[in-house]
Amino acid sequence: MNAGVTPIKRRACVACTVAKAKCTPQAANVCQRCARLGKSCTYLDLPQTKRKHRPAAPNRVETLEKRVDQLMSQLATLTGQTQQPSPDTSIPFTNDTGSSRDLEPDLESESTDIAALLDAANQPSHGPDPPTGSALQGQPSIVERGLMSEAEAERLVAAFQLDFIPKFPFVVLPRGTTAASLRARGPFLFLCIIAATVGSAHPLRKFVDEEIMDHVMSRIVARSERTLELLRGLLVHSVWYAYPAERHHPRLLLLVQFCVSILYDLGLHKRADLCGDERRALLGTYFMSTGFLGPFGRPGLRNSDIQLNECLSGLQVAKEHISDAWIAPFVNIQSFLATVDEVYTSLQGSGGIIRIQVITSSLERQLDTVRASIEKDLSICPSSTANALRTELKYAEVRLKDLALREDLWTASPDSPVRTAMLLSLTTKCKELIHTVKTLPVSEIPHITIPTSARVCTAVAYIPAAVLALLNLLSGQSNADSVVLSDEVQMQAQAIGDEADFPNVVSQLVNVLETRLAGLSMKERETDLIGSLCIKMRLLARSFPYQVRAIVGTMPMPAHDGSSAQDMSRISPDANGAPLELQEWQDVYGNLSDVVLADDVQWDSILSDFMSFS
């Protein structure tokens, strides 16, 4: 060793250096690790001249210790605990290769990301927020592409404000809104309004509907966009949905479910600072989902999920649009129908006649209160709004009687006079509902909403179900060993058939509804929602007399002028089972040449289609 060099001791002892472990001095010439393990602790001298050849560097172990302490402190904050590393804990900074330097970048990365981890812990979910901008922003509209003239677009937007909003006042446009301003502010809403107003026979109807689904798939599904404009547009499109008609209506159900999903994602069901359009969208989604999704067993908005009264009060106070005064009647009657659904769902089989009477009487008193409130509002509503509300009231009256159709509730006494009275009343109420719709002005037929169509399907399904239930009860009361029913039973069956007058009632309804299908071929009518319902209604009317004959041995005979049948005359079928008086049937049912024989029609399948849609 050179005389001018002052020896200094190494920082780590020989044992810790070999083990590549942390060496912390405990006393003079003894480290904590060697003292704990009972090893000999030896420090070697390091010549000063040799250290001078190495570049100066910060104490790396101390730096790493500080980082570990920082991480442990932040981890304790995350878990709600306070942890400190034990002073005698040996933390080897090595990896599989034996290098301690490879850990330093990982620790630096964890140190810089810990703030992001803390922020993420406070969030209810993971990932970035979904986009609020449109994936199709800047795409030219059907007007800019020359598919529709500006004048026609203006006419359709004006028609929506004048004729369509009274039927569904939950999506309104500010006064003075033009087609151009609507396209700029809400292109998706504009597209949905065009689809609702363009008419079934318009050459652009199919194209517009498909473009709406492009928006739904690319924006709502692929990008999870959630905006008020999307919600309002979907409400308009689902309320006046027309194309394509599908069995069990999967697309229509999906659109209404999207409305519910977007409403929840936007938080409209719990926010207290809603604007007018948000309140209307909330109440409109409630009206659609409660009345339409429930019968299909799909989840919708519940009364307990939203503050109906607060939304209604907010609209009444603000008085932004005159149509806001028409919203409360729709919501109140739908709230009552939701109560009916809840009560009926809770009823179990063999509930007892007295219990049924008590429940229906209680619900009838509630309906009287709702009716009195609505009838006061009818005077301030346009005629088209009043007609829609009257249809809702008639539907509520029908619902109060449909317990008579539930066989499981009448197993103890299926032929109870109470049930018989309810079945007769149900038939009458259904005819009144159908009469309300078929007497609408022709100008209102294109504005009929999906809820109204569903109400009509209820009546069309319930009349034959109630009549056949009554006839089955009559035939069961007669002599079971006798093939021919007694004269008294035949007279009662005749009276029931005359009162129902089902084939004529349905045929007249179809004739009215088909006015909106002018210009459509038979194939095009099958893809239109109302068109497909009309086809099935005619088939149902043609099948009904055969169902009657199967029970009582006679068939209701339509009159030549299409009015109510006067008797239950027997019809002698030919060898193929077809009635001989074809001309008289054609007066009511139309052309029979392209229709399968009613005996071959699967009655239960047709009837269940109407039941499910209602």
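To be clear, the structure that these remarks concern was listed above.
So, how was this worked out
Residue positions are given per chain, counting from 1 as you read along its sequence in written order. Owing to the predicted nature of the model, reporting of local features is limited to residues with pLDDT of at least 70; listing and counting of side-chain atom pairs is limited to 80 or more, with chain, interface and lining totals taken over all residues. Calculated side-chain values reflect all of the structure's heavy atoms, with hydrogen atoms and water omitted. The numbering of helices and of strands both runs from the N terminus, where a helix is a DSSP run of H or I of at least 4 residues and a strand a run of E of at least 2. Pairs of residues are marked as contacts when any of their non-hydrogen atoms sit within 4.5 Å. Methods summary: accessible areas were calculated by the Shrake-Rupley approach with a probe of 1.4 Å, and residue burial reflects only the protein chains presented. Whenever a carboxyl oxygen of Asp or Glu lies within 4 Å of a side-chain nitrogen of Lys or Arg, that contact is scored as a salt bridge. Residue burial is assigned from relative accessible area. The probe radius is 1.4 Å, only protein chains are included, and a residue is buried under 20% of its type maximum, exposed over 50%, and partly exposed in between. Under this definition, polar contacts are N or O atom pairs within 3.5 Å; protein pairs additionally need one hydrogen-donor-capable and one acceptor-capable atom, and for neighbouring residues in sequence, both atoms have to be side-chain atoms. Residues belong to a common nonpolar core when they are buried Ala, Val, Leu, Ile, Met, Phe, Trp, Tyr or Cys residues joined through side-chain atoms within 4.5 Å. For this analysis, a ring pair means two rings from Phe, Tyr or Trp (six-membered ring only for Trp) whose centres lie within 6.5 Å, classed as stacked if their planes differ by under 30 degrees, edge-to-face if by over 60, and tilted for the remaining angles. Counting as a charge over the ring demands two things of the Lys NZ or Arg CZ atom: a distance within 6 Å of the ring centre and an angle within 35 degrees of the ring normal. The span one expects for a helix is its residue count, reduced by one, times 1.5 Å. What counts as an axis is a line fitted to C-alpha atoms, over the stretch in contact for a helix, and the angles between N-to-C directions run from 0 to 180 degrees. Roughly parallel means an angle under 35 degrees; roughly antiparallel means over 145; roughly perpendicular covers 65 to 115; every other angle is labelled oblique. Just so you know the grouping, Ala, Val, Leu, Ile, Met, Phe, Trp, Tyr, Cys and Pro go in nonpolar, Asp, Glu, Lys and Arg go in charged, and all remaining residues, Gly too, go in polar. Helix crossings fall into two classes, left-handed where the near helix is turned counterclockwise from the far one by less than a right angle and right-handed where it is turned clockwise. Think of it as the arc spanned by the lines of direction from the helix axis to the C-beta atoms.

**Q** Got a minute to help me understand the overall build of the protein chain in this structure?
**A** Broken down by element type, the protein chain carries 24 helices and four strands. Residue pairs in contact within the protein chain that sit at least 24 positions apart in sequence constitute 73% of those at least 6 positions apart. Carbon together with sulfur atoms contributes 53% to the accessible area of the protein chain, which is approximately 30,100 Å² in total.

**Q** Even after reading the chapter, I still don't get the pattern of salt bridges, so can you show me in this structure?
**A** Pairing between side chains of opposite charge can happen when their charged atoms approach one another. Summed over all chains, the structure comprises 28 salt bridges. Salt-bridge contacts for Glu225 lead to Arg223; the nearest nitrogen and oxygen are separated by 2.8 Å. For Arg371, the salt bridge goes to Asp368, with nearest N and O atoms at 2.8 Å. One end of the pair, Arg371, and the other, Asp368, are both in helix α15 (residues 353–378), three residues apart, so they sit about a helical turn from each other. Assessed through its relative accessible area of 18%, Arg371 is described here as buried. Here Asp368 falls in the partly exposed class, since its relative accessible area comes to 43%.

**Q** Hey, could you run me through the side chain of Thr197 in this one?
**A** Structurally, Thr197 can be placed in helix α8 (residues 187–197). Within the local environment of Thr197, its side chain forms a polar contact with the backbone oxygen of Ile193, the two atoms lying 2.8 Å apart.

**Q** What is the right way to look at the nonpolar core in this model?
**A** Nonpolar side chains tend toward joint burial in soluble globular proteins. Counting residues in each nonpolar core, the largest one holds 146 residues, and the members touching the most others are Val460 and Met537. Considering every element that reaches this core, the biggest residue donor is helix α18 (residues 450–477), with 17 residues. When near neighbours in sequence (up to four residues on either side) are disregarded, Val460 contacts Ile434, Phe502, Val506, Leu509, Met537, Leu540 and Phe610.

**Q** Whenever I open this one, the side chain of Thr452 confuses me. Can you help?
**A** Within the secondary structure, Thr452 is located in helix α18. With residues up to four places along the chain from it excluded, the contact list for Thr452 reads Thr391 and Val437.

**Q** Sorry if this is basic, but what is going on with the packing of aromatic side chains here?
**A** For any pair of aromatic rings, the description consists of the separation of the ring centres together with the inter-plane angle of the planes. Enumeration over the complete set of coordinates arrives at 10 aromatic pairs. Note on Phe170 and Phe287: the rings are 5.7 Å apart at their centroids and 25° apart in plane angle, and the pair reads as stacked. Note that Phe170 is positioned in the loop between α6 (150–164) and α7 (179–185) and Phe287 in helix α12 (residues 276–293), a separation of 117 residues in sequence. Relative accessible area serves as the criterion here: at 1%, Phe170 is assigned to the buried category. Under the relative-accessibility criterion, Phe287 is labelled buried at 5%. Here the aromatic residues Phe160, Phe164, Phe168, Phe170, Trp240, Phe287 and Phe330 are joined through ring pairs into a cluster of three or more. Its guanidinium or amino end placed over the ring of Phe190, Arg183 lies 5.7 Å from that ring's centre, counting from NZ or CZ. Positioned above the aromatic ring of Tyr395, the side-chain terminus of Arg455 is 4.2 Å from the ring centre.

**Q** Is there a simple way to think about unusual backbone geometry in this case?
**A** Trans peptide bonds make up the majority, and among non-glycine residues the majority have a negative phi. Following Tyr243, the chain continues into Pro244 via a peptide bond in cis, with omega recorded as -5°. Looking at the secondary structure, you find Pro244 in the loop between α10 (228–239) and α11 (250–266). The residue Ser224 is not glycine, and still its phi comes out positive at about 55°. Structurally, Ser224 can be placed in the loop between α9 (205–221) and α10. For Ser224, a relative accessible area of 32% corresponds to the partly exposed category.

**Q** Explain α9 to me, please; I cannot follow it from the model alone.
**A** Taking 1.5 Å per residue, 17 residues should reach 24 Å; α9 reaches 23 Å between its end C-alpha atoms and fits that length. Buried within α9 are the following residues: Arg205, Val208, Asp209, Glu211, Ile212, Met213, His215, Val216, Arg219 and Ile220. In this fold, the buried residues of α9 make contact with α8, α10 and α11.

**Q** Before we go on, may I ask you to explain the packing of α15 against helix α16 (residues 383–399) in this structure?
**A** Each packed pair of helices is defined by two parameters, the angle between the axes and the distance between the axes. Contact pair α15 / α16: the axes reach a minimum separation of 11 Å and the direction vectors enclose 170°. Relative to α16, the element α15 lies roughly antiparallel. Counted together, Leu367, Arg371, Ile374 and Leu378 of α15 and Ala386, Leu389, Arg390, Leu393, Ala396 and Glu397 of α16 form the full contact between these two elements. For the contact of α15 with α16, the residue count by class is seven nonpolar, no polar and three charged.

**Q** I keep staring at the environment of Ile333 and nothing clicks. Help me out?
**A** Its location among the elements puts Ile333 in helix α14 (residues 327–346). Judged by its relative accessible area of 0%, Ile333 falls in the buried class. When the C-alpha positions of Ile333 and Ala396 are compared, they lie 8.0 Å apart, and in sequence the two are 63 residues distant. When neighbours within four sequence positions are excluded, Ile333 is seen to be in contact with Val370, Ile374, Glu392 and Leu393.

**Q** Just checking my understanding: could you explain the packing of helix α17 (residues 417–438) against helix α20 (residues 502–513) for this structure?
**A** At their nearest, the axes of α17 and α20 sit 9 Å apart, and the two run at 25° to each other. In terms of axis orientation, α17 runs roughly parallel to α20. The chirality of how α17 crosses α20 is left-handed. Residues Lys431, Ile434, Val437 and Lys438 of α17 form the contact with α20, whose participating residues are Val505, Gln508, Leu509 and Val512. Looking at side-chain class alone, the contact of α17 with α20 contains five nonpolar, one polar and two charged residues.

**Q** How do you make sense of the environment of Ala15 when you look at a structure like this?
**A** Mapping Ala15 onto the fold places it in helix α1 (residues 14–19). Discounting residues that sit within four places of it in the chain, Ala15 has contacts with Arg33 and Cys34.

**Q** Sorry if this is basic, but what is going on with α6 here?
**A** The α-helix advances 3.6 residues per turn, and as a result positions three or four apart in sequence lie on the same side. The end-to-end C-alpha separation of α6 is 20 Å, in line with the 21 Å expected for 15 residues at 1.5 Å each. Among the residues of α6, Ala153, Leu156, Val157, Ala159, Phe160 and Phe164 are the ones counted as buried. Across the axial projection of α6, the buried residues extend over an arc of 155°, all falling on one side. Those residues of α6 that are exposed and angled more than 90 degrees off the buried face are Ala151, Arg155 and Leu162.

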